[in-house]
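Coordinates in review
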Amino acid sequence: MTARTSQYLIAAVFLVLGGWSLFAPGHVIDLAISEAYRENTFLTRFIMACFGSQAVLFGIMALVVRWNARGFALFAAALIPFFWFNYYFHYEVPVLTSIGMLDFAGNTVMFVLAIIGWRAAKADELA
């Protein structure tokens, strides 16, 4: 897989999950947040849509900016705290439902793609 393909697939994760949060925030809240913590109000839908718009913005940037090996490595490192977030808010404080753990799945996919992209970009830079 090429570095560019890895980057496009990372963008796809942001665009799909971010787009879902942006365009259907109430749906995300209903499915991804456990009932004890769920508040499907205007403000929570607004905040979820803001979160989604930022993810979509990053997804678009990931489509148009070319990452080098260092960019992939930094992105992989930046994802690490999100794994703690997913663990804590699913197992310690059960805010996220099993569907809410799609965030964990997306982070895992992006982490693997970042490593693949780093290797491919490193090989390109050495060639």
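Heads up: these notes are all about the structure in this document. (Residues numbered from 1 in each chain as written. Predicted model: local features only at pLDDT ≥ 70, side-chain atom pairs only at ≥ 80, totals over all residues. Heavy atoms only, no water.)

On to the side chain of Ser 6. Mapped onto the elements, Ser 6 comes out in helix 1 (residues 3-23). At a separation of 3.5 Å, a polar atom in the side chain of Ser 6 contacts the main-chain amide nitrogen of Gly 117. Apart from residues lying up to four places away in sequence, Ser 6 is in contact with Met 1, Phe 72, Leu 113, Ile 116 and Gly 117. (Helix = DSSP H or I, 4+ residues; strand = E, 2+ residues; numbered from the N terminus. Polar contact = N/O pair within 3.5 Å; in protein donor to acceptor, adjacent residues only side chain to side chain. Contact = heavy atoms within 4.5 Å.)

Here we come to the side chain of Gln 7. Relative to the helices and strands, Gln 7 is located in helix 1. Its relative accessible area of 1% is what places Gln 7 among the buried residues. Apart from residues no more than four positions distant in its own chain, Gln 7 is found in contact with Ala 62, Val 65, Arg 66, Trp 67 and Phe 72. (Buried < 20%, exposed > 50% of the residue type's maximum accessible area, 1.4 Å probe, protein only.)

Take the packing of aromatic side chains next. All chains considered together, the criterion is met by 13 aromatic pairs. Seen from their ring centres, Phe 83 and Phe 111 are 5.9 Å apart, and the 85 degrees between their planes marks the pair as edge-to-face. Residue Phe 83 is found in helix 4 (residues 69-92), and its partner Phe 111 is found in helix 5 (residues 102-126); the two are separated by 28 residues along the sequence. Here the aromatic cluster, defined as three or more aromatic residues joined through ring pairs, consists of Phe 14, Phe 58, Trp 67, Phe 72 and Phe 75. (Phe/Tyr/Trp six-rings, centres within 6.5 Å; stacked < 30°, edge-to-face > 60°.)

This next bit is on the packing of helix 1 against helix 5. Closest axis-to-axis distance for the helix 1/helix 5 pair is 7 Å, and the angle between their directions is 160 degrees. Looking at the two axes, helix 1 sits roughly antiparallel to helix 5. As helix 1 packs across helix 5, the resulting crossing turns out to be left-handed. Taken together, the residues of helix 5 that come into contact with helix 1 (itself represented by Ala 3, Ser 6, Leu 9, Ile 10, Val 13, Phe 14, Leu 17 and Trp 20) are Leu 102, Gly 106, Val 109, Met 110, Leu 113, Ala 114, Ile 116, Gly 117, Ala 120, Ala 121 and Asp 124. Looking at the contact of helix 1 with helix 5 residue by residue, the classes come out as 15 nonpolar, three polar and one charged. (Axes fitted to C-alpha atoms, helices over the stretch in contact; angles between N-to-C directions. Parallel < 35°, antiparallel > 145°, perpendicular 65-115°, else oblique. Left-handed = near helix turned anticlockwise from the far one by under 90°. Nonpolar A, V, L, I, M, F, W, Y, C, P; charged D, E, K, R; others polar.)

Taking 1.5 Å per residue, 24 residues should reach 34 Å; helix 4 reaches 35 Å between its end C-alpha atoms and fits that length. On its buried face, helix 4 sits against helix 1, helix 3 (42-64) and helix 5. The distance from a side-chain oxygen at the start of helix 4 to the backbone nitrogen of Arg 70 is 3.1 Å, and the residue carrying that oxygen is Asn 68. (Expected span 1.5 Å × (residues − 1).)

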